[in-house]
Each structure stands twice: as structure tokens, then as C-alpha cells.
Amino acid sequence: MRATVLRTQTSAAARRPGRLILTGLAVLVASFVVFGTVLVQGITERTVRDNLSGTPAATDLVIGSQEQTPPTVTELGRIRAVAGVAEAVGRVSIGVSVDKGYLNLQSDPGAGPLSTVRVVEGSYPDQPGEIAITPRTAQRVGLSVGSTVSGEGGELTAPARLVVTGIVDTNADSGYDAYAPDSAVTSWARLNTVDRVDVRVAPGESTDAVHQRVTAAVADQPVRSGDEVRQAEANAAAEQVGTLFILVGVFVSIAVVAAALVVTSTFRIVFAQRMRQLALLRAVGASRGTLARAMTAEGALTGLVSGVVGVGSALALGYAVPAILRSAGHAVSSPAPRLAAAVAVVLGAVVLTVLAVLAPALSAARVSPLEALRTASTTAGRRGIGVLRLLLGLLLAAGAVLAAVGTIRQLPKPEQTTYDPLLPLLMLVGSGTLAFFALVALGPLLVRPVLAVVGWPLRQLGPLGRMSVGGIGGAPRRAAAVSVVVALGVTLISGVVIGGASLQVLTDREMALSAPTDFEVTSSGGTLPADVVTRAEAARGTLARVVPYRQVDDVRLMRGADKLGDVESGYPANDLDLTALPTSGDLDVAEGTLADRGPGRIVLNNWVAQDTGLRAGDTVALGVGARRVDVRVAAVLPGAGPLHAGVLIDPADLDRLGVPAAYTGLLADAAGAGEDGRTAGVRALRAAIGDSDGVGLVVLADERDRNDEVVRSLVWIAVGLVSLTVLIAVVGVASTTALSVVERVRESGLLRAIGLSRAGLRTMLTVESGLYGVLGATIGLLLGVPYAWIAVQSLGIDAPLTVPVLPLVGLFVTLVVLTALAGVLPARRASRVSPVVALGVDG
């Protein structure tokens, strides 16, 4: 009997491959995602190893290591004298401060197999004091072939002359890169050592023999092969890729859990549709255990087929996409064969499906043989939940609340100086996990009250709206099973969006302090020449604003005859006009208000306030030299001050303190957008600086752009990862709607028979699918916003809670549209069934 029942169930499933794939669609997608992630990691690591080494391919030997004393210039000469050495290049990099900015001076031969640059204009340097620069450096620093600047770096004790002899092209142009031969760099900068030496072996010579000779020539230096160094460099980059994919694996695991929930719901529907058949098997002698084993075997078969199809699809794309990208000129490597991983993913799909099918199988196996007397082959789903499930759900919910309260109590206090976010974050993850499983347990009870609120507008639209809402409310367990997965995805995405928005606000505030404008002009001599400020202010067509300021490094804070704080020399201060800056609205205060700043009122940064014990509203005296001015603290900033100032002072108060009227720096913004506007701004400021000695220009906007790009990249990567759960949820909605259409054929036929049009039936079923998204998105947002707030606070980075309303509304609408679209095809299929045929179906 057992074999007969098993054969009956599995053969019935095998005869309907479409239904089999539909039932295991979530597992198919999960298998595709999991194995696709394995392949993407392999592609990324191999691409990094093949393309991202900084050592030229012609390098046969590398002498020197970061862990040991670097090679000397003398040792470099001995290496060049070794027989069999065709070329030896000393690699060294130093920072050089020049009149008009900063240069990263690197040694490179300029030509030949070991060179990393290519001359595109002028000639490559061959004497100390000569340099070649990149095109972007020429624009940003305002240099060209023939330009002469004064630079200081390395072991120089005084500025020395540098002449630009050429422009070179490189793989990466940072905007401050300069190159020269190693002999020119070491001679100009008075260096006795280089970072390392790259060696090219002469053709026909044995690399091993040259290795031995070089080792004898520099006995104290490690000598490695070029392949070994390139592999180590690539492995270091690939290790970072592996760390990133650990995070990816966490989100993929969440998607797999979501797939298990969807499959469980799907099998409940499938088994409910076969309830009469199962009862007949019970009537002819099949035991509950036999039925449960047969249905579990059907689940294993579903998992096997879905896993094989998912892995096969991922494998095909994993090899096709790199080939297509290579044909388009991109250096992308193909993944290595991953047979063991493929087998593991397929077996995992089988195990996942078996575990997911256990609860529906055991429930369906309890069917009474009397059910065989029913005229319908399906049974209505249960609407409520059992007492044990209710108690478990309440217990999980209570645990989630207690863990959340515990997390809030662990949050850093304003006066706290040290904080470790690990424990609060772990407690928050525990709270979120308990909340999710509580939602799984109590979901059927939440569907009706939530649906009563979100479905009210639909009920006002007429019979179709009321029937759509009633169709969801009539099967709360099914609606809860699908909506919970949608809610999980929305909770994660909303948390990422809110966290990203909060992090962006924090970044904007920090940039408003350290890089408040596109450019800064400063003077190493103390003050700017007056004509520099005048010429900059005259370039209003190219510069949107010019804000000069004065900076003082030794302002004392006094109370009576006593100096406040532990800093002997005083605090740095400036008179920067915050109201003239476009980023002033991004600034925040810990106490007081910035609008109160003015003559006789100062602003302190957080560290100075803590060091002196001052708070907003306190009175204090400013001291510079022998002069003193009484002022009041208008506000305290939560962190550093603009341009790293400890005290913001009104210009009138600086005048009263006897500070010279000459400006020490100025800030400016480009009038035009993009790189062209920024380059025009640089040229205008270069023209304003002219030949002024000791006046430099810094492009602050580059730093701001890099920070913005990092934040945006992190947010988009995180959204992409958590969207895997939403993908599984949409698949669940599609399969649930498709299977429920089969279950409700007679209902659809009856509605058609009493006058409902095909379009009306399609609309009703599509709206029902969309309601799964409405339910899940509503619950997800209700959970996501508070959890996001706790997560942001738990990081201890002083980021404010920022709720981006428009992106969250867009998320809500997108989820509803996606889930509605998932029901379009099943709805079209249902509307094509003739009312006469539908009414004749046993169902």
C-alpha cells in the first residue's frame, strides 16, 4: 500500500511538470539566487586576480617588503650591476606640497616594459627637479608643460624648484599625480631609500639564476618572484571581495528563509485542492503516515526539479554574461567550475522543500476518510490559529519587545565618552528575528484588522472592490503566509532606505564642516594678499560665491583671571560667515541655535565645550594676547567646527581683539555644474592667485564627491541585496494567485454566470494580488521605521533619524504594483474559462 500511494503521488506530480514548477517556483528562484551568488563571487575574485595587480606583467623579481627595512639607493645600484638584470626600477612615492596645491610624486621609468605611464605631450623627465603630470592634475593644479613651481617633500629642509616637462596618461588619474625616474625623485627629495625594486630579467637568462645573484648582492632584502607579488596583490583585493560576499550570504540566507515560507504556503494550497483524493486513499486503507511520506516525497521531487532548473539557469548565465562582456571590451573572467557547489545547492533545495512541506503534509494527512463523500475535491482553508500557535506567537512578540527595550536602554547617552555598538546591535538583530517569527505565528489574526483599514478605500469603489477585499479576508492564513514574506522584504528595504538617508544627512553635516564649498584658498605665509581676494570676488561669472575669512590659532577662553580648559596655547578660531554658505542648512547643534550667533556671541565645537565645561547661554571672555572681549555662548556643535575651528567668532569681536583685518583664506563655489564648471572655477582661482607666493588651492568638492559616492554605493548595494527577499515574495504572490485560481474555478464561473464580465473578473483577481502587497508593505513599514531608528541610534555615530517620505511611498507603490502584476497572468487565465465549463468543474 505504501508503494502504491507513493507511486500515485509522485507520478501525478511528474505528469504535470507545469504545476510542479509552479509549486516549487520560489525554490527555483532561491536556487538560482544562491548558485548565482556563488558564481558571481567566483567571477569577481578571478577578475580581481587577473586584472587588479599593481605590478607590471614584465616584472620578474621584486626586492623589498613593507615589513622590513626598505632597499637603499646604494643597493638599487648593486642590483642594476648584477649579471642578467636587464632593468631595475626603484619604486617610491612621496607627498609634495607645491605653491598651488599638493602632488603625489611617484617614480616610474616613463618607457619600457616596467613603465606604468605613457607620454602624451612634451617629454619625460630625466633630471632631478623635473616632473611629468597627468591631464587632470594639469587642470586641477593649474600647471602645463614648462610650468615651474616650488615644492617641498621627502627629506627636503627647504622648498626646491620643480619643472613640468611632460603630460602622461595613466590607468588612474586622481588629479594630483606626478611622475619622474627613480634617480630624479631620490636626488631631488634627498632620499636614501626606495619602497621596493622591480627587476626585469634579460632575455635568455634564467630567472632562478638571477634570483640567486640578486639575493647575494642584497643579502638583507627579501627577493620574491613577480608572479608571487602579483598573486599576493590580487589575493589581498580578492580577500576584500570575500568579506563583501559574507554580507551577501547573510541576505541570501534571509531570501532562502522567505522561499521556505512561500513553499509552505504553496503546498498548503496544493494539498487542500486534493483533499478528496487524499480522503479516498485513506478510505481504501492508506494510513496517515503513508500519506505524509508520499506528500513529503512529492515535495522532494519538486525541490529536486526546481533546484536543477535554478542551478542550470544560473550556470548558463554565469558563463554567458562574462563572454558577452569580454566581446564588448570589458576585462571580465569566467568562473571556475563549481560542480560541488552546484550539487550542494540542488541538495539544499531538496532539503529546504522537504522541511517546508512537512507541516502541510502532516496537516493534510489527518484528513478523515469521510471527506471522500464530499462533492468538492477541495476544502476551505482554516481561518484561525490554534491555542499553542497563539501562545507561541504572543511569547515571541513579548520577547521581541523586551529585546527592543533592552536595546534602547543600551543606546549611548549624550555625556557618554566611550561606546561599543556590538551588544546593542546583537540585541536588535535578536529582537527583529523574534518579531518576524511572531509575525509568522500571529499573521492570520493580523490580516483582518489590517485589511479593514487598508481595504476601506477599495470597498467604497463598488462590488468589485468589496469582492477583492473579501477574497483576501476569506483566506487569512494564506494571505498571512504571503504577506509576511512581503513584509520581511519591505522591513529590510525600508530600514536600508531610512538608514541610508540618515547616513547621508550625517555625511552632509560633516562635509558642511570640513568641505563647506567647492574650493579653499589658503596661504602658508599667514594672510592672503588683498588683490587675490579682490580678483576672486571679481570672477562672479565663474564663481557662484566667494567667502573670505580670518583664522586665529591661539584664542583663550577666560573667566576672571583663570584660563578655561587644558590647552595651554588656546583654541583655533575663525570668523567664517555661515549664512553665506549653501551648506549652512546641513549643520546641526547640540545646544542653542546658530541663528543667535553675532557680535558678542560665539559658537563652540563639542570638544572645546567639554574641555572648558561651557554650555549654551554661559558667559566667557575671549583672549588674544593682552586683549579680552566678553561674549556669550550662543550654540554648541555636536562635533567639530567649520574648517576644524574650535570657536566661531563674529568678525566685529575679532576686530576688538586686535586681529589683523587681512584674510587668511577664502572659500568659493563653482558657478557651473559638473567637471567643466569645477575646472572653470579652478582656472578662475588660479588666475586670482597669479604669482602670489605661498598661496595654495584645494579642491574640496572632490572629497565631498567621494563621500557621496561611497554612501550611495553602500545604499544601492544593500537595497539590491534585500530586494532578493522581495523577489521571492513576488514569486510567492504569483504562485499563490495561480493556484488559488484553480481552487476557485467554480466561484469564477458563478460570478461570470450572474453577469460579471471577463474584464471584471480579471480586475478582481489582479486587485486581490495587489492586496497581498498592500498588506505586506503596510506591516513592513510599521516594523521597518522603528527598527531603523533603533539601528541608526545603535551605531553610535550621531546620525539623526531621517524618514525619506517620497522613497518610502515609492517603495510602497512599487511593491503593490509588482504584486498586482504577479496576478495578471493567472487572472487572464481565469477569465478565459467558460462559465458553463467552470460550473461543471468538481470543485
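The numbering scheme is per chain: residues are counted from 1 as the chain's sequence reads. Under the rules for a predicted model, residues below a pLDDT of 70 receive no local features and side-chain atom pairs below 80 are neither given nor counted, while totals for whole chains, interfaces and linings still include all residues. Only hydrogens and water are set aside when side-chain values are computed; all heavy atoms of the structure are taken into account.

Quick look at the overall build of the protein
Within the protein one finds 26 helices and 23 strands. Residue exposure (1.4 Å probe, protein chains only): buried if accessible area is under 20% of the type maximum, exposed if over 50%, otherwise partly exposed. Scored against the burial criterion, the 843 residues of the protein give a buried share of 49%. Put simply, of all contacts in the protein between residues at least 6 apart along the chain, 84% involve residues at least 24 apart. For the accessible areas, the method is Shrake-Rupley and the probe is 1.4 Å, while residue cover comes only from the protein chains on display. Of the roughly 37700 Å² of accessible surface on the protein, a fraction of 60% belongs to carbon and sulfur atoms. Each helix is a run of H or I in the DSSP string that is no shorter than four residues. Each strand is a run of E no shorter than two, and both are numbered from the N terminus. By the convention used here, residues are in contact when the closest approach between their heavy atoms is within 4.5 Å.

Regarding the nonpolar core
Among buried residues, the Ala, Val, Leu, Ile, Met, Phe, Trp, Tyr and Cys ones that are joined through side-chain atoms within 4.5 Å form a nonpolar core. Ranked by size, the top nonpolar core spans 74 residues in total, and within it Phe-271, Met-295 and Ile-728 carry the most contacts. Formed by 39 residues, the second largest nonpolar core is a distinct cluster that contains Leu-103, Val-197, Val-199 and Val-223.

So, helix α13 (residues 422–454)
Helix span is expected to be 1.5 Å times the residue number reduced by one. For α13, spanning 33 residues, the distance from its first C-alpha to its last is only 38 Å, which falls clearly below the expected 48 Å at 1.5 Å a residue. The reported bend at a residue is simply the angle between two axes, fitted to the 7 residues ending at it and to the 7 residues beginning with it. Of all the bends in α13, the greatest, near 70°, is centred on Gly-443, and the proline Pro-444 appears no more than four residues after it.

Details of the sheet that holds strand β22 (residues 665–670)
Spatial ordering of the open sheet is given by β13-β22-β12-β23, a layout of four strands whose pairing is antiparallel. On the outer flanks of this sheet lie β13 (543–549) and β23 (695–699), each paired with one strand and no other. On average, adjacent strands in this sheet sit at an angle of 20° to one another, irrespective of strand direction. Criterion used throughout: strands pair if DSSP finds at least two bridges between them. Of the strand pairs in this sheet, β13 and β22 are connected by six bridges, and their pairing is antiparallel. For Pro-548, the partnering residue across the bridge sits in β22 and is Leu-666. The convention used is that axes are lines fitted to C-alpha atoms, helices contributing only their stretch in contact, and that angles between N-to-C directions extend from 0 to 180 degrees. Lying on the sheet, helix α17 (residues 530–538) is in contact with β13 and β22; it crosses β13 at an angle near 155°.

Comments concerning the packing of aromatic side chains
Centre distance within 6.5 Å is the pairing criterion for rings of Phe, Tyr and Trp, where only the six-membered ring of Trp is used; planes under 30 degrees apart are then read as stacked, over 60 as edge-to-face, and the remainder as tilted. On inspection of all chains with the given rule, the structure shows three aromatic pairs. A ring pair is formed by Tyr-571 and Trp-607, whose centres lie 5.9 Å apart and whose planes are at 70°; its orientation type is edge-to-face. One end of the pair, Tyr-571, is in strand β16 (residues 571–574); the other, Trp-607, is in helix α18 (residues 606–612), with 36 residues separating them in the sequence.

Notes on the sheet that holds strand β11 (residues 223–225)
Sheet architecture is open: four strands sit in the order β2-β10-β1-β11, paired in antiparallel fashion. Edge positions in the open sheet fall to β2 (85–91) and β11, since each of these has one partner strand only. With strand direction ignored, the average angle separating the axes of adjacent strands in the sheet is 25°. Here strand β1 (residues 61–63) runs beside β11; their pairing, made up of three bridges, is antiparallel. Across the sheet, the residue bridging to Ile-63 is Val-223, located in β11. Against the sheet, helix α7 (residues 207–217) engages β1, β2, β10 (196–201) and β11, with an angle of about 15° to β1.

A word on unusual backbone geometry
Not every positive phi belongs to a glycine, and Arg-190 is a case in point at roughly 60°. Structurally, Arg-190 is set in the loop between α6 (182–188) and β10. By relative accessible area, which is 53% here, Arg-190 ends up exposed. In this structure, Leu-643 is a non-glycine residue whose phi angle is positive, near 55°. Relative to the assigned elements, Leu-643 resides in the loop between β20 (627–636) and β21 (647–648). On the accessibility criterion, Leu-643 (7% relative accessible area) is buried.

Focus on the packing of helix α16 (residues 476–514) against helix α24 (residues 805–822)
Remark: α16 packs on α24, axes separated minimally by 10 Å, with the N-to-C direction vectors making an angle of 160°. Between α16 and α24, the angle is such that the two are roughly antiparallel. You can see that α16 and α24 cross each other, and the crossing is right-handed. On the side of α16, the interface is formed by Val-486, Val-490, Ile-493, Ser-494, Val-497 and Ile-498, while α24 contributes Pro-807, Leu-808, Leu-811 and Leu-815. Classifying every residue of the contact of α16 with α24 gives nine nonpolar, one polar and no charged. To sort the angles, those under 35 degrees are grouped as roughly parallel, those over 145 as roughly antiparallel, those from 65 to 115 as roughly perpendicular, and the leftovers as oblique. In this scheme, a crossing is called left-handed if the near helix is turned counterclockwise away from the far one by less than a right angle; it is called right-handed if the turn is clockwise. Classification used: nonpolar for Ala, Val, Leu, Ile, Met, Phe, Trp, Tyr, Cys and Pro, charged for Asp, Glu, Lys and Arg, polar for all others including Gly.

Considerations on the environment of Val-149
Turning to its location among the elements, Val-149 is positioned in strand β7 (residues 148–153). Judged by relative accessible area, which is 6%, Val-149 ranks as buried. Each C-alpha atom, one on Val-149 and one on Gly-129, is 9.9 Å from the other, the two residues being 20 residues apart in sequence.

With respect to a nonpolar patch on the surface
Think of a patch as exposed residues, more than 30% relative accessible area, with no salt bridge, where like charges cluster within 9 Å and nonpolar side chains (Val, Leu, Ile, Met, Phe, Trp, Tyr) cluster within 5 Å. Any carboxyl oxygen of Asp or Glu within 4 Å of a side-chain nitrogen of Lys or Arg constitutes a salt bridge here. A cluster of nonpolar residues, Ile-408, Trp-789, Leu-801, Val-803, Val-805, Val-809, Val-813, Val-817, Leu-818 and Leu-821, forms a patch on the protein surface that exposes about 800 Å² of accessible area. Sort the elements by how many residues they give to the nonpolar patch and α24 lands first, with six residues. With respect to the element layout, Leu-801 can be found in the loop between α23 (758–794) and α24.

Structural notes on the pattern of salt bridges
In the structure shown here, the tally under the stated rule is 16 salt bridges. Between Arg-615 and Glu-591 there is a salt bridge; the shortest N-O distance is 3.2 Å. Taken together, the positions of Arg-615 in the loop between α18 and β19 (619–624) and Glu-591 in strand β17 (residues 591–592) put the pair 24 residues apart, joining distant regions of the chain. The class of Arg-615 is exposed, set by a relative accessible area of 51%. The shortest N-O distance in the salt bridge between Asp-596 and Arg-632 comes to 3.1 Å. Remark: Arg-632 occurs in strand β20 and Asp-596 occurs in the loop between β17 and β18 (601–604); sequence separation between them is 36 residues. Its relative accessible area of 23% is what places Asp-596 among the partly exposed residues. A single salt-bridge network, built from bridges that share partners, covers Arg-91, Asp-108, Arg-196 and Asp-198.

Notes on the side chain of Asn-574
Here Asn-574 shows up in strand β16. Look at Asn-574 and you get buried, because its relative accessible area is 0%. Setting aside residues no more than four positions away along its own chain, Asn-574 makes contact with Tyr-549, Arg-550, Gln-551, Arg-597, Pro-642, Leu-643, Ala-645, Val-647, Leu-648 and Ile-649.

Side note on the pairing of β10
In terms of burial, β10 is largely enclosed, as five of its six residues are buried. Where β1 and β10 come together, three bridges link them in antiparallel fashion. Bridging across to β10, Ile-63 finds its partner in Val-197. One ladder, built from six bridges, connects β2 with β10; its direction is antiparallel. Across the sheet, Arg-91 pairs through a bridge with Arg-196, a residue of β10.

Observations concerning the packing of helix α12 (residues 387–409) against α23
α23 packs onto α12 with a crossing angle of 35° between their chain directions and a minimal axis gap of 10 Å. Crossing hand, α12 versus α23: left-handed. From α12, Ala-400, Ala-404, Thr-407 and Ile-408 reach across to α23, where they touch Tyr-787, Trp-789, Ile-790 and Ser-794.

Notes on a positive patch on the surface
We count Lys and Arg on the positive side and Asp and Glu on the negative side, and we leave His and both chain ends out. We put the charge of a Lys on NZ, of an Arg on CZ, of an Asp on CG and of a Glu on CD. A contiguous patch of positive charge, built from Arg-758, Arg-762, Arg-828 and Arg-832, is present on the exposed surface. As for its position among the elements, Arg-758 is in helix α23.

Concerning the environment of Gly-681
Mapped onto the elements of the fold, Gly-681 is located in helix α20 (residues 674–689). Sequence separation of Gly-681 and Ala-671 is 10 residues, and the distance between their C-alpha atoms is 7.4 Å. In this structure, Gly-681 is in contact with Phe-519, Thr-542 and Leu-543, ignoring residues within four places of it in sequence.

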